[in-house]
Amino acid sequence: MINKERLFKRLMELGEIGKLATGGITRQVFTLEDISATTLVATYMREAGLSVRVDAVGNLIGRKEGLNPEASVVLTGSHIDTVHEGGAFDGSLGVLGGIEALQTMNEQGIQTEQPIEVIAYKDEEGCRFSFSMLGSRAIAGILKREDLQCLDRDGMSLAEALKMNGFVPDHFQQAARPLGSVKAHLELHVEQGKVLESKNLSVGVVTGINSSLWLKITLKGEAGHAGATPMGIRHDPLVAAAEIIQAVEEETLKTGTAVGTVGRIQVQPGGINIIPGSVEFTVDLRDLNQAVGERLEQTLLQRVAEVCQRRGIEKVIEVLQRVPPVPCSEPIQETIKQACRKVGKEIYSLPSGAGHDSMQIARLCPIGMIFVRSKDGISHNPAEWSSAEDCADGVNVLYHSLLSLANNEK
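Just so you know, the residues in each chain are numbered from 1, in the order the chain's sequence is written. Local features in this predicted model are restricted to residues whose pLDDT is 70 or higher, and side-chain atom pairs enter the listing and the counts only when it is 80 or higher, whereas totals over whole chains, interfaces and linings include all residues. The side-chain figures draw on all heavy atoms in the structure; neither hydrogens nor water molecules are used.

**Student:** Where do I start with the overall build of the protein chain in this structure?
**Tutor:** Counting its secondary structure elements, the protein chain contains eleven helices and 16 strands. Restricting the calculation to C-alpha atoms gives the radius of gyration, and the globule rule supplies 2.2 Å times the number of residues raised to the power 0.38. Computed over C-alpha atoms, the radius of gyration of the protein chain comes to 23 Å, within 12% of the 22 Å expected from 2.2 N^0.38 for 410 residues, which places it in the range of a compact globule. Considering only C-alpha atoms, the protein chain reaches an extent of 80 × 45 × 40 Å along its principal axes. Remark: exposure states derive from per-residue accessible area (1.4 Å probe, protein chains only) relative to the maximum for the residue type, with buried under 20%, exposed over 50%, and partly exposed in between. For the protein chain, with 410 residues in total, the buried portion stands at 53%. We call two residues in contact when some of their heavy atoms are within 4.5 Å. For the protein chain, long-range pairs separated by at least 24 residues make up 78% of all intrachain contacts whose partners lie at least 6 apart in sequence. Here the protein chain has roughly 17900 Å² of accessible surface; of this, 51% comes from carbon and sulfur atoms. The positive count covers Lys and Arg only, the negative count covers Asp and Glu only, and His and the chain ends enter neither. Charge coordinates come from a single atom per side chain, which is NZ of Lys, CZ of Arg, CG of Asp or CD of Glu. Positive and negative charge centroids in the protein chain, built from 41 and 52 side chains respectively, lie 2 Å apart. Numbering of helices and strands starts at the N terminus; helices are DSSP runs of H or I of at least 4 residues and strands are runs of E of at least 2. For accessible areas, the Shrake-Rupley method is used with a probe of radius 1.4 Å. Any residue's cover is judged against the shown protein chains and nothing else.

Pasting the structure below:
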């Protein structure tokens, strides 16, 4: 069994870096807080008996050598950057949990056939440069030169930030792992939802990472005086938007599995006594089944067209992001289930509604994910919390899963 007290102590220590007066944590890539956090985590890696290095884009890597150093590596890890005023568990648990699992193996004198590496991926959240998963994209070999031109609010590019932190931007491709060099990737993460809590379970087996479609819908109608324009001759884009937003909920519910969210809406000109002239809002659609997601998208677009035609509204629909679903490997899911049995945990499977570094690494190798219960389902918030006991349960499952994967156990 892993050392629960050591694991939680490290989580709390790391959670002090970037902590604000509100209790929230802000650690954005290539800031002083990020540098301090990386330095601390590297210290934990060395205490665990791992060899430590940093790759060409800043990924922090701790390696436990295998009996066959030339064998393909088993990867685990997550990220240590946060959103603005985030919590202490999102990402950090996966990194510190991986270190704890490998430290326990070393303390027990356990050697595996294949090497295992734990990675603190750089900039998963993407809050500073509006470009997420820098580190995992680089390792997967899909980071592009033009991606490094993304700017932060002060006009600094990602390439400039890399250079200021001692990296050579043109060398980013050196972080890429060749196909065949990675056997599997296993990520431990807090659920960031309420499913496990509703089932009174501390650990879950992730079946896959949902697709993500972001749309921006702009509706243009006819602004007018609120008192002088009869209801029957109005072309009100906000009323049309309300009908479409209702359709998002209705059509998503019909699928039984998908989720749909309207998270942002802007109305112009925005006067209390003015019929709006234009409305802009976003739609976020997600599902693990690509066919279901595609049908939902087409049905919703038909509803939008029908509403706009009936109300005399012009529409512009932009795709902001389209990310396909990423299934978790069934053999790795079975490995995680066997680990749950070994530690006496009930087996429960669920999809991930949020994106993770694993979805990039899936281009290199089979992936698996383990979820840990989140109190009240809260994440990206100072109130984010997972108990020491739940965190230990997740890391114990991770420990046994890594042993099986690195020893080619069935």
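**Student:** Explain the pattern of salt bridges to me, please; I cannot follow it from the model alone.
**Tutor:** Here the idea is simple: oppositely charged side chains can pair when their charged atoms come close. Salt bridge, as used here, is a side-chain nitrogen of Lys or Arg placed within 4 Å of a carboxyl oxygen of Asp or Glu. The tally for this structure, following the rule as stated, stands at 25 salt bridges. Between E47 and R10 there is a salt bridge whose closest N-O contact spans 2.9 Å. Of this pair, E47 sits in helix α2 (residues 32-47) while R10 sits in helix α1 (residues 4-14), and the two are 37 residues apart along the sequence. According to the relative accessible area criterion, E47 is partly exposed, its value standing at 48%. Given the relative accessible area of 6%, R10 is considered buried. Three or more residues joined by partner-sharing salt bridges are found here, namely R63, E65, E117 and R177.

**Student:** Whenever I open this one, unusual backbone geometry confuses me. Can you help?
**Tutor:** Excluding glycine, residues mostly have negative phi values, and the peptide bonds linking residues are mostly trans. P269 follows Q268 through a cis peptide bond whose omega is 5 degrees. Not every positive phi belongs to a glycine, and F30 is a case in point at roughly 60 degrees. Within the element layout of this structure, F30 appears in the loop between α1 and α2. Residue F30 is classed as buried on the basis of its relative accessible area, which comes to 8%. At D123, a position not held by glycine, the phi torsion is positive, near 55 degrees. Mapped onto the fold, D123 is located in the loop between β4 (116-121) and α4 (134-140).

**Student:** Just to check I follow, could you spell out the packing of helix α9 (residues 330-342) against helix α11 (residues 388-406) for this structure?
**Tutor:** What describes two packed helices is the angle between their axes and the distance between those same axes. What counts as an axis is a line fitted to C-alpha atoms, over the stretch in contact for a helix, and the angles between N-to-C directions run from 0 to 180 degrees. Relative orientation of the contacting elements α9 and α11 amounts to 125 degrees, with a least axis distance of 8 Å. The angle between the axes of α9 and α11 places the two elements in the oblique class. Taken as a pair, α9 and α11 cross one another with a handedness that is right-handed. Contacts between α9 and α11 pair I332, T335, I336, A339, C340 and K342 from the former with V397, H400, S401, S404 and L405 from the latter. Each residue gets one of three labels, nonpolar for Ala, Val, Leu, Ile, Met, Phe, Trp, Tyr, Cys and Pro, charged for Asp, Glu, Lys and Arg, and polar for the others, Gly among them. Class assignment of the residues belonging to the contact of α9 with α11 gives a composition of six nonpolar, four polar and one charged. Oblique is the label for any angle not covered by the other classes, which are roughly parallel (under 35 degrees), roughly antiparallel (over 145) and roughly perpendicular (65 to 115). Should the near helix be turned counterclockwise from the far one by less than a right angle, the crossing is left-handed, whereas a clockwise turn marks it as right-handed.

**Student:** Hey, could you run me through the environment of L288 in this one?
**Tutor:** Along the chain, the position of L288 falls in the loop between β12 (278-286) and α8 (290-311). Counting along the chain gives 99 residues from L288 to S387, while the straight-line C-alpha distance between them is 28 Å.

**Student:** Got a minute to help me understand the pairing of strand β7 (residues 212-220) in this structure?
**Tutor:** Residues in a regular strand project their side chains so that they alternate between the two faces of the sheet. By the criterion of burial, β7 is predominantly enclosed, with seven of the nine residues buried. Here β7 pairs with strand β13 (residues 314-323) via nine bridges, running antiparallel. Bridge assignment links L213 to a residue of β13, and that residue is R322. Across eight bridges, the pairing between β7 and β12 is antiparallel. The partner of I217 across the bridge, within β12, is F281. Paired strands are those between which DSSP finds at least two bridges.

**Student:** Please clarify how the nonpolar core should be interpreted in this entry.
**Tutor:** Most often, soluble globular proteins have nonpolar side chains that are buried together. One finds V41, I99 and L402 to be the most contacted residues of the largest nonpolar core, which totals 53 residues. Looking at this core, the element that brings in the most residues is α11, giving eleven residues. Once you skip the residues sitting within four places of it in the chain, L402 turns out to touch V74, T76, A101, L102, M105, I116 and L186. Joining through side-chain atoms within 4.5 Å is the link that ties buried Ala, Val, Leu, Ile, Met, Phe, Trp, Tyr and Cys residues into a set, and such a set is a nonpolar core. With 20 residues, the next largest nonpolar core counts A241, V248, A258 and L285 among its residues.

**Student:** Whenever I open this one, the pairing of strand β5 (residues 182-190) confuses me. Can you help?
**Tutor:** Within β5, eight of the nine residues are buried, which leaves it mostly tucked inside the rest of the structure. In the sheet, strand β3 (residues 73-79) pairs with β5 via four bridges, with the strands oriented parallel. From the neighbouring strand, T76 faces β5, where its bridge partner is L186.

**Student:** Would you mind going over α1 with me for this structure?
**Tutor:** Think of an α-helix as turning once every 3.6 residues; residues three or four places apart then point the same way. Among the residues of α1, those classed as buried are R6, L7, F8, R10, L11 and L14. Buried residues belonging to α1 abut α2, α3 (92-107) and α11.

**Student:** Would you take a moment to explain the packing of aromatic side chains for this structure?
**Tutor:** Ring pairs shown here join Phe, Tyr and Trp side chains whose ring centres sit within 6.5 Å, with only the six-membered ring taken for Trp; geometry is labelled stacked below 30 degrees between planes, edge-to-face above 60, and tilted in between. For the structure shown, the criterion picks out four aromatic pairs. Seen in terms of ring centroids, F8 and W385 are 5.6 Å apart; in terms of plane orientation they differ by 75 degrees. Their pairing is edge-to-face. With a gap of 377 residues between them, F8 in helix α1 and W385 in the loop between β16 (367-372) and α11 connect regions that are remote in the sequence. A residue is classified by how much of its surface remains accessible, and F8, at 15% relative accessible area, is buried. Relative accessible area serves as the criterion here: at 37%, W385 is assigned to the partly exposed category. Ring plane angle 75 degrees and centroid distance 5.3 Å describe the contact between F89 and W385, whose orientation is recorded as edge-to-face. Here the residue F89 occupies a position in the loop between β3 and α3, and W385 occupies one in the loop between β16 and α11, the gap between them amounting to 296 residues.

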